[in-house]
Amino acid sequence: MQSAAPGQQAHHHFDDAERAAVYRNILARRDVRGQFLPDPVADDMLARILTAAHFAPSVGFMQPWSFVLVRDQAVKRRVHDAFTLANTEAAQMFEGKQREVYSGLRLQGILEAPINLCVTCDRDRAGPVVIGRTHIKAMDLYSSVCAVQNLWLAARAEGLGVGWVSIFRQSAIREILSLPERIMPVAYLCIGHVSHFLDQPELQSAGWRQRLPLEDLVHFDHWGGENEDAAALRQALQAAQQDASRGIPPR
Ligand SMILES: Cc1cc2c(cc1C)N(C[C@H](O)[C@H](O)[C@H](O)COP(=O)(O)O)c1[nH]c(=O)[nH]c(=O)c1N2
């Protein structure tokens, strides 16, 4: 077991088991659509995953997120109707065999998940000029997405499934949840206990799309660039990705 390096604060150090747990959490996280159980989510567990979301990084420490918690089945039904409408439109955007496969995919668990959660972004939360957002306005939206990812990973550690549903018109979600103009719906999440977690993405199992080789996605110094260190890193990337695909935590 590694110990904290000399001079390093012990509470800032992750020991081997903690480090392995972080990677296991990342590799075991799944988008959940069809495995939700009706069991309620306890408030203390919900509070922990929302707190994880709230500790996400944000541009200029803007913390632009809010969380609209939906438990009312009537509200969920309206959201489900908005999904069904958009999903029918979406199917038409694919051709031939793909359309057939698309129509057979399960892409949400809105009614089954005991909790639906809309993570929003308040575009005015910190006034008109925000550190880090002076030139790229979308940084506030990216910050809310960081909160989503924190929540998703924390939920996985709690044994809770999370499914992100984005097949709606944004205006429909706005209207159903009475969001003010400046509040952007960023993510609509279905959350709950699950019967089981799948080992790999459902789109992968369905043959829709495979995970890309990471070594093809890394460039050196400029787009398409290579250098003398490239081959060694590519080899390491291949090995790490193979381990990750087999669920082996990093050495
Ligand atoms: C921004 C965004 C939006 C969506 C998703 C994800 C993200 C990041 N995903 C889940 C997506 O299909 C899934 O993450 C990938 O297929 C990879 O699977 P795992 O998340 O690793 O299980 C998703 N899934 C789904 O069934 N319906 C949806 O509308 C969406 N929308």
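Per an unreviewed UniProt entry, the protein is named 5,6-dimethylbenzimidazole synthase, and its organism is Aromatoleum toluolicum.

Caption draft 1: Representation of the sheet that holds strand β3 (residues 160-165) within the structure. Read across the open sheet, the four strands follow the order β1-β2-β4-β3; overall the sheet is antiparallel. What marks the edges here is a single partner per strand, and that holds for β1 (65-70) and β3. Ignoring which end each strand starts from, the neighbouring axes of this sheet average 30 degrees apart. Alignment of strand β2 (residues 115-122) against strand β4 (residues 183-193), held across eight bridges, turns out to be antiparallel. For Asp122, the partnering residue across the bridge sits in β4 and is Ile183.

Caption draft 2: Representation of the UniProt feature "domain: Nitroreductase" (unreviewed entry) in the protein in the model. Per the UniProt entry, the sites bearing "domain: Nitroreductase" (unreviewed entry) are residues 26-193 in this numbering. Its end C-alpha atoms 18 Å apart, residues 26-193 is made of 42% helix and 18% strand.

Caption draft 3: Main features of the packing of helix α2 (residues 43-54) against helix α5 (residues 139-158). Orientation of α2 relative to α5, taken along the N-to-C sense of each, is 145 degrees, at an axis distance of 7 Å. Of the two elements, α2 crosses α5, and the hand of that crossing is right-handed. Facing α2, whose interface residues are Met45, Arg48, Ile49, Leu50, Ala52, Ala53 and His54, α5 presents Ala147, Asn150, Leu151, Ala154, Ala155 and Glu158. Here the residues of the contact of α2 with α5 are counted per class, giving nine nonpolar, two polar and two charged.

Caption draft 4: Representation of the pairing of β3. Where burial is concerned, most of β3 is hidden: five out of the six residues are buried. When β3 meets β4, the two strands line up antiparallel, connected through six bridges. Of the residues in β4, the one forming a bridge with Val165 is Tyr188.

Caption draft 5: Summary view of the nonpolar core. Core analysis: the biggest nonpolar cluster contains 33 residues, and Val119, Leu151, Ala155, Val162, Leu189, Cys190 and Ile191 have the highest contact counts within it. Mapped onto this core, the elements with two or more residues apiece are α2, β1, α3 (73-92), β2, α5, β3, α6 (170-176) and β4. Sorting elements by how many residues they give to this core places β4 first, with six residues.

Caption draft 6: How the structure looks around unusual backbone geometry. In the Ramachandran plot, Phe61 falls in the positive-phi region, its phi being about 55 degrees despite a non-glycine side chain. Positionally, Phe61 belongs in the loop between α2 and β1. The residue Asp221 is not glycine, and still its phi comes out positive at about 70 degrees. Within the secondary structure, Asp221 is located in the loop between α7 (202-205) and α8 (230-245).

Caption draft 7: Inspection of α8 at higher detail. Between its terminal C-alpha atoms α8 stretches 22 Å, which fits the 22 Å expected from 16 residues at 1.5 Å a residue. Where α8 ends, the next residue or the one after it, Gly247, has phi of about 75 degrees, a positive value.

Here is what the cut-offs are and how they apply
Residues numbered from 1 in each chain as written. Predicted model: local features only at pLDDT ≥ 70, side-chain atom pairs only at ≥ 80, totals over all residues. Pairing = 2+ DSSP bridges. Helix = DSSP H or I, 4+ residues; strand = E, 2+ residues; numbered from the N terminus. Axes fitted to C-alpha atoms, helices over the stretch in contact; angles between N-to-C directions. UniProt positions renumbered as here; feature names shortened; annotations may be inferred. Left-handed = near helix turned anticlockwise from the far one by under 90°. Contact = placed C-beta atoms within 7 Å. Nonpolar A, V, L, I, M, F, W, Y, C, P; charged D, E, K, R; others polar. Buried ≥ 20, exposed ≤ 12 C-beta atoms within 10 Å, placed from the backbone. Core = buried A, V, L, I, M, F, W, Y, C linked by C-beta atoms within 7 Å. Expected span 1.5 Å × (residues − 1).

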